[in-house]
Amino acid sequence: HSSKNTWYAIQEQSWQAERAEIEAAMAAAADGGGGGEETLAAIEAEVLARPSVMAAIEAHAQALRRLLSQGREEGLVAAIGECGLDYDRLHFCPRLVQRAGFAAQLGLATEGGPPLFLHSRAARGEFAAMCKERRGAVGAAGGVVHSFDGDAAELEQLLSLGLEIGINGCSLKTRGGSASRWVEEDEL
């Protein structure tokens, strides 16, 4: 186990350095310096393409799979979540990092598995498209999308995948009015 622990320690140092790079780019973008959003997007894409980062994402997904399996065996897991995309909070986590995390989280959905508890805010169709890419597993698991503030077309895509919509404050304050106006009572 000592060689495995050493590997994890080395990887953790590498992941922390890569995280620091993205956080520095986020700070520069927020301050309006360093090229702003374009620089952040370039650094984000470059860091996410590194094999060490992809290995970190997969390692975290594997750890979640083990935890999920153990929790299901013990009767402690009711749903997988909360996971999704929140582009109103890019100052906490940039877009491409959210997408990479959400893709890994959707990989946890399985037929006969627990339902998904999902979050979609200001994702402008990207959330529904990612769910659609995993249509089989997402539809088999089912689940609820909360904070939904998309349009009627995105709502129809999500409903066609077997997902339901949860209405909260974010859903009620969209620019075009309440997203709840498109949701039938039996879909809530």
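Residues numbered from 1 in each chain as written. Predicted model: local features only at pLDDT ≥ 70, side-chain atom pairs only at ≥ 80, totals over all residues. Heavy atoms only, no water.

**Quick word on the pattern of salt bridges**
All chains considered together, the criterion is met by 5 salt bridges. For the salt bridge of Arg121 with Asp88, the shortest nitrogen-to-oxygen distance reads 3.1 Å. Taken as a pair, Arg121 in strand β2 (residues 116–121) and Asp88 in the loop between β1 (80–86) and α4 (95–106) lie far apart in primary sequence, 33 residues in all. Look at Arg121 and you get buried, because its relative accessible area is 8%. (Salt bridge = Lys/Arg side-chain N within 4 Å of Asp/Glu carboxyl O. Helix = DSSP H or I, 4+ residues; strand = E, 2+ residues; numbered from the N terminus. Buried < 20%, exposed > 50% of the residue type's maximum accessible area, 1.4 Å probe, protein only.)

**Comments concerning the state of the cysteines**
Each disulfide consists of one covalent bond between the sulfur atoms belonging to two cysteines. Using the criterion set out here, one finds 0 disulfides in the structure. The structure places no disulfide on Cys83, whose sulfur is separated from the nearest cysteine sulfur, that of Cys131, by 8.6 Å. (Disulfide = S-S within 2.5 Å.)

**Concerning unusual backbone geometry**
Glycine aside, the phi torsion of most residues is negative, and most peptide linkages are trans. For the bond from Gly81 to Glu82, the omega torsion is 5°, close enough to zero to count as cis. Secondary-structure assignment places Glu82 in strand β1. Of note, Ala122 is a non-glycine position whose phi angle comes to about 60°, a positive value. Structurally, Ala122 can be placed in the loop between β2 and α5 (126–133). One non-glycine residue, Ser147, lies in the positive phi region at around 65°. Judged by its relative accessible area of 1%, Ser147 falls in the buried class.

**Some remarks on the packing of aromatic side chains**
Evaluation of the coordinates by the stated rule reveals 1 aromatic pair. On the basis of an interplanar angle of 10° and a centroid distance of 5.2 Å, the ring pair of Phe102 and Phe127 is categorised as stacked. Placement of Phe102 in helix α4 and of Phe127 in helix α5 is noted, with a sequence separation of 25 residues between them. Phe127 shares its class with Phe102; the two are buried. (Phe/Tyr/Trp six-rings, centres within 6.5 Å; stacked < 30°, edge-to-face > 60°.)

**What to know about the pairing of strand β3 (residues 143–146)**
Pairing of β2 with β3, which is carried by 4 bridges, proceeds in the parallel orientation. Paired with Leu118 across the two strands is Val145, which belongs to β3. Pairing between β3 and strand β4 (residues 163–165): 3 bridges, direction parallel. From the neighbouring strand, Val144 faces β4, where its bridge partner is Glu164. (Pairing = 2+ DSSP bridges.)

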